[in-house]
Amino acid sequence: MPQFEELARNVTLAEQLEEGGGPVVLVNVLRVDEADVDQLLLAWSTDAAALKRRPGFISTQLYRGIAGSSTFLNHAVWESVEAYKTSRLDSDVRAAARDLYPASLVASPHLFRAEAVPGLCVA
């Protein structure tokens, strides 16, 4: 059974799901044993294919750590917290890949919004 670890020390994903608003970016750090990389890729692609048909889904990109790393980063853009929450809590969407994820998986999902920093980036 995959494990979940909070990415932030001071706020949980469950608390973020109560905030609402949008748009948001989901960042999910995925760590698996090297032997489970192919299984993770199968599960993630199955999951992503189901989610991309959901209202409010905009895009996703999977990144892999370099130099043989078995740590991945999923970056997904959603129109709103509510769209993400509704899709993630839908039992049919979750069933698409639930049993495919390897037991060694440790996932750390967290929601983000763009932050304005004067002279460097806009929100």
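Everything quoted here is computed from the prediction, not taken from an experiment.

Asks: Lay out the nonpolar core with the relevant residues and their values.
Replies: Leu17, Trp78, Tyr84 and Leu111 are the most contacted members of the largest nonpolar core, which totals 14 residues. Elements represented by at least two residues in this core include exactly α1 (13-17), β2 (24-31), α2 (37-51), β4 (71-78) and α3 (81-89). Considering each element in turn, this core owes the most residues, three residues, to α3. Aside from chain neighbours lying at most four places away, what touches Trp78 is Pro23, Val24, Leu51, Arg54, Pro55, Gly56, Phe57, Ile58, Ala83, Tyr84 and Ser87. Ala43, Ala48, Leu105 and Ala107 belong to the second-largest nonpolar core, a separate cluster that totals 13 residues.

Asks: Please give an account of the environment of Gly21 that cites residues and values.
Replies: Within the secondary structure, Gly21 sits in the loop between α1 and β2. Distance in space between the C-alpha atoms of Gly21 and Ala83 is 9.7 Å, their sequence separation being 62 residues. When near neighbours in sequence (up to four residues on either side) are disregarded, Gly21 contacts Ser80, Val81 and Arg113.

Asks: So what's going on with the sheet that holds β4? Which residues, and what values?
Replies: On the basis of which strands lie adjacent, the open sheet formed by five strands has the order β1-β5-β2-β4-β3 and mixed pairing. Each end of this open sheet is capped by a strand with a single partner; those strands are β1 (3-4) and β3 (57-64). Summarising the sheet, β1 and strand β5 (residues 106-112) pair through two bridges and their orientation is parallel. Bridging from a neighbouring strand, Gln3 pairs with Val106 of β5.

About the thresholds
- Along every chain, residues carry numbers that run from 1 in the direction the sequence is written.
- The model is predicted, so local features are restricted to residues of pLDDT at least 70 and side-chain atom pairs to those at 80 or more, both for listing and for counting; the totals for chains, interfaces and linings are taken over all residues.
- Only heavy atoms go into the side-chain values, all of them from the structure, while hydrogens and water stay out.
- By nonpolar core is meant a set of buried Ala, Val, Leu, Ile, Met, Phe, Trp, Tyr and Cys residues that side-chain atoms within 4.5 Å join together.
- Relative accessible area decides the class of each residue, using a 1.4 Å probe on protein chains only: under 20% of the type maximum gives buried, over 50% gives exposed, and in between gives partly exposed.
- By definition, any uninterrupted DSSP run of H or I lasting at least four residues is a helix, any uninterrupted run of E lasting at least two residues is a strand, and each is numbered from the N terminus.
- Contacts between residues were defined by any pair of non-hydrogen atoms, one from each residue, lying within 4.5 Å.
- A strand pair is defined by DSSP finding two or more bridges across the two strands.

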